[in-house]
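Structural overview for review
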Amino acid sequence: MGRLFDAISSSNQLENHTMNVFLTRLLFCFFADDTNIFPKQSFSQLIKNHNIHNLESLPKLLSDFFTILNLEESSSERAKYPAHLTTFPYVNGGLFAEVLDVPNFTPRTYRILLDCIDLDWSEINPDIFGSMFQAGINPEQRSTLGQHYTSVKNIMKVIQPLFLDKLYEELEKIKLLKDIKEKNKRLSALLQRISEIKIFDPACGSGNFLIIAYKELRKLEIEIMKAMSENLSMFSHIHLDQFYGLEIDDFACEIARLSMWLAEHQMNMLFEKELNFYQPTLPLKNSGRIHCRNSLRENWLVFVPRQSADDEVYIIGNPPFGGTNNRTAEQSKDMGQVFSGFRIFKSLDYVTSWFWKGANYIKDSNAKLALVATNSICQGEQVAVLWKPIFNLGLSIHFAYQAFIWANNARDQAAVHTVIIALSAENFYPKFIFKEKGDELFLTKVKNISPYLFEGSNLFIENRLTPLSSNVSKIYLSNVPRDNNNLFLEKEEFDYLSKIEPRVIKYVRRVIGGDELLNSRLRYCFWFKDESLDELNRIPIVREKLEKIKEFRLSSTREGTVSQFTTPHLFSEIRQPEKGNYILIPSPSSERRPYIPIDFLDSQIIAINSFMIPNATLFEFGIITSEIHNDFVRVVTGRLESRLRYSAKVVYNNFPFPEVDDIQKAHIEQLAEDILLTRADYPAMTLAQLYNPETMPEPLKQAHQTLDRAVEKLYRDKPFSDAAERVAFLFQRYEELTKKAV
DNA sequence: CATCCGACAGACC
DNA sequence: GGTCTGTCGGATG
């Protein structure tokens, strides 16, 4: 089909929309041929019978053919067309309403068309073919669309807990009724109810969510009808116009509409098979209320109107994600409109726009929402910014899927971790937290779901510039080079330079980022702080590197970087401690480790990609490496996919350190030192190996556990039973401390 | 002026 | 080609 598209567009000058509609019509006809929608005549024959030497008349034939499909069978207009066309039925549904410029066919494109016709279209699965098709057609979308495609499994995670499970529960309850009359009455009422449900996907793409939701409601309807013993309805009560979609891409929109018809036809066939009532597919009804619009610039109430606040509306979908560095100018403008009136919002992901608009749609109503999102909206700096205003609308999270790996057809392990979050104005009890571990699914019923998607209060940890706890050392982000790697030296280059240009060696320092710290890698960098640029430029090797840095900085889109082209010998940001030791905390670091590995370093060693606590004490080391601190990190910190990304403003500065006297402090310091000494017993192991759960030496585990218990005891005498209890305790402490501060 | 993030990126087996 | 785990620099507040 991609070949057909390429062939047609290379030999024709058609508008995008025209091309999209034309291909959609062809697809419908292929499908109609193979599934008996065209009972008397076949489109394939019509095309195949056409004389290949007379291709210039093909557009006229197709154009007439499209007109016929748009003419009611009783219409006198039909008589004006040849007999082999008028045996085709009236299709309607808007698919053939528009008068189209039909493209010309070359012998080559005609052959490709015949190849397409010969495929078996009856087997196509409308829930997935849209995305496949779209990816195959649109060159610039070929690379990205596969990633946005939502599998049926993932769609079910959204719609089952949102409404499907409850409807089936209701059906099962009714089935148990003894009184036949009452039972039938209740079944009719349920039928009526599902015929009034509205499903809305505000970023519907090619319609996956709408199609699956439609099919599932039709299946439920069949079950309801089977349970009825009288007044059996002979037709389906569920209509495509209960399904609403907004989609910015015109082609995706056309495909979504088409897919809804295909799904309807398939469900009609199932309906007939299960209940023995024939459902005519033609003429097509309104194919859902799917509009090609920028969802974020529209008032959703106009597209999905409500008779009253009691209407049963479900907003579902998987809107696009886009972090601050990954948005188009247009998308940033969208966010400006959606979050107008917000003082801070630009650090939010693009996907949160749909949450905020959705939250405003469902507030004070019976409408509910469940959307897929990147896990970053429930971690780190975004949490307070987004969830505070949402909860202030009187909404709560009534079910959630904790972060899971996004699986798609492109790659098994996708490049993002996702969550599913459902919001409603109704305060359900219990609320459900779903957690996937491998192939297993765990369900916890809880009283409240925190914005971090754990059981707990609606407390948010806000960005804080200085430590909440007094008498704690300040933490700093490490140095930032912005040098395009020109100030750095690997071990080999360092050795080489030592030989050929020994006068630069005095400027070289060891440099440590997460990688070097954890894996004991040796890496060096030029540290030209306090050196004269003119002097440095006299050394050819250095001069060459500095030229490259100058060029790199000048080409940056970041103003601050550009202005530093005059100081190419310096790191872009320098915060290196002048003397003494500092604690280095890598960011990020694997979540598999029971503790984030941290270490003391000499100030001569330059830090990058991490956090530094200059002049830190063993006490601070002990607290940061303790289990309770790591528990806190796991809940609140931002993550790189699932990796823990330590942070200053979210984690360290908000962590309620325990209050201690000198004796208690000395005790912690001694236990912290024990850890360092135990590590030193394994000089051949890297920190990554020492803290790998599979290779962590038993004595080191012991030393940590001893420290863990001692730190816990500083908070309260009674031991905690698990991480959840420790974090709940810390949150409470945080709340008290922040209240006091006001 | 300092920090957080990545519908990732790149190394390693 | 899976699997594992952290670079780097822009945008932001």
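These remarks concern the structure in this document. (Residues numbered from 1 in each chain as written. Chains lettered and ligands numbered in written order. Predicted model: local features only at pLDDT ≥ 70, side-chain atom pairs only at ≥ 80, totals over all residues. Heavy atoms only, no water.)

1. A word on the protein's contact with DNA strand C
To be explicit about the condition: Proximity is defined per residue: any heavy atom of the residue falling within 4 Å of a molecule or strand makes that residue near it. Within 3.5 Å is the distance limit for a polar contact, defined as a pair of N or O atoms, with the added protein rule that one can donate a hydrogen and the other accept it, and that residues adjacent in sequence qualify only through two side-chain atoms. Helix numbering and strand numbering both begin at the N terminus, where a helix is a DSSP run of H or I of at least 4 residues and a strand a DSSP run of E of at least 2. Residues are grouped as follows: Ala, Val, Leu, Ile, Met, Phe, Trp, Tyr, Cys and Pro are nonpolar; Asp, Glu, Lys and Arg are charged; every other residue, Gly included, is polar.
For DNA strand C, the set of nearby residues contains 32 residues, the closest of which are Asn-325, Lys-346, Ser-556, Arg-593 and Arg-643. Restricting attention to atoms of DNA strand C within 4 Å of the protein, one finds that 64% of them are sugar or phosphate atoms. One of the side-chain nitrogen or oxygen atoms of Asn-325 is found 2.8 Å away from a sugar or linking oxygen of DNA strand C. The contact in question runs from a phosphate oxygen of DNA strand C to an N or O atom on the side chain of Thr-557, over 3.1 Å. When residues of the surface near DNA strand C are assigned to their parent elements, the largest contribution, four residues, is made by helix H19 (residues 514-519). Split into classes, the residues belonging to the surface near DNA strand C amount to seven nonpolar, 15 polar and 10 charged.

2. Observations concerning the protein's contact with DNA strand B
Inspection of the region around DNA strand B gives 33 residues, with Asn-318, Glu-573, Glu-641, Arg-645 and Lys-649 positioned closest. Sugar plus phosphate, as a fraction of atoms of DNA strand B within 4 Å of the protein: 53%. Measuring from a base nitrogen of DNA strand B, one finds a backbone N or O atom of Pro-319 at 2.9 Å. One nitrogen or oxygen atom from the side chain of Ser-376 is found 2.8 Å from a phosphate oxygen belonging to DNA strand B. Those elements that provide at least two residues to the surface near DNA strand B are helix H9 (145-148), strand S10 (476-477) and strand S18 (639-640). Grouping the constituent residues of the surface near DNA strand B by class yields 12 nonpolar, 10 polar and 11 charged.

3. A few points about the packing of aromatic side chains
The test is simple: A pair of aromatic rings is counted whenever rings of Phe, Tyr or Trp (Trp by its six-membered ring) have centres within 6.5 Å, and the orientation is called stacked for planes under 30 degrees apart, edge-to-face for over 60 and tilted otherwise. Whether a residue is buried, partly exposed or exposed follows from its accessible area with a 1.4 Å probe, protein chains only, as a fraction of its type maximum: under 20%, in between, or over 50%, in that order. Working rule: Lys NZ or Arg CZ, within 6 Å of ring centre, within 35 degrees of ring normal, means a charge sits over the ring.
In total, this model carries 43 aromatic pairs according to the counting rule given. With a centroid separation of 5.2 Å and an interplanar angle of 20°, the aromatic rings of Phe-600 and Phe-621 are classed as stacked. Of the two residues, Phe-600 sits in strand S15 (residues 599-602) while Phe-621 sits in helix H23 (residues 618-624), which places them 21 residues apart along the sequence. Judged by its relative accessible area of 0%, Phe-621 is buried. Grouping aromatic residues by their ring pairs yields a cluster made of Phe-22, Phe-28, Phe-30, Phe-38, Phe-43, Phe-65, Phe-66, Phe-88, Phe-96, Phe-105 and Trp-121. Against the face of Phe-66 rests Arg-25, its NZ or CZ located 4.9 Å from the ring centre. The residue whose ring lies beneath Arg-716 is Phe-720, and the NZ or CZ to ring-centre distance is 4.1 Å.

4. A few points about the pattern of salt bridges
Worth spelling out the cut-off: Definition used for salt bridges: Asp or Glu carboxyl oxygen within 4 Å of a side-chain nitrogen of Lys or Arg.
Evaluation of the coordinates by the stated rule reveals 43 salt bridges. A salt bridge links Glu-516 to Arg-523, with the shortest nitrogen-to-oxygen separation between them at 3.4 Å. Taken individually, Glu-516 and Arg-523 each receive the classification buried, so the pair is uniform in this respect. For Glu-573, the salt bridge identified is with Arg-558, shortest N-O distance 3.9 Å. Residue Glu-573 is found in the loop between helix H22 (559-562) and strand S14 (581-586), and its partner Arg-558 is found in the loop between helix H21 (540-554) and H22; the two are separated by 15 residues along the sequence. Three or more residues joined by partner-sharing salt bridges are found here, namely Glu-627, Asp-631, Arg-709, Glu-712 and Arg-726.

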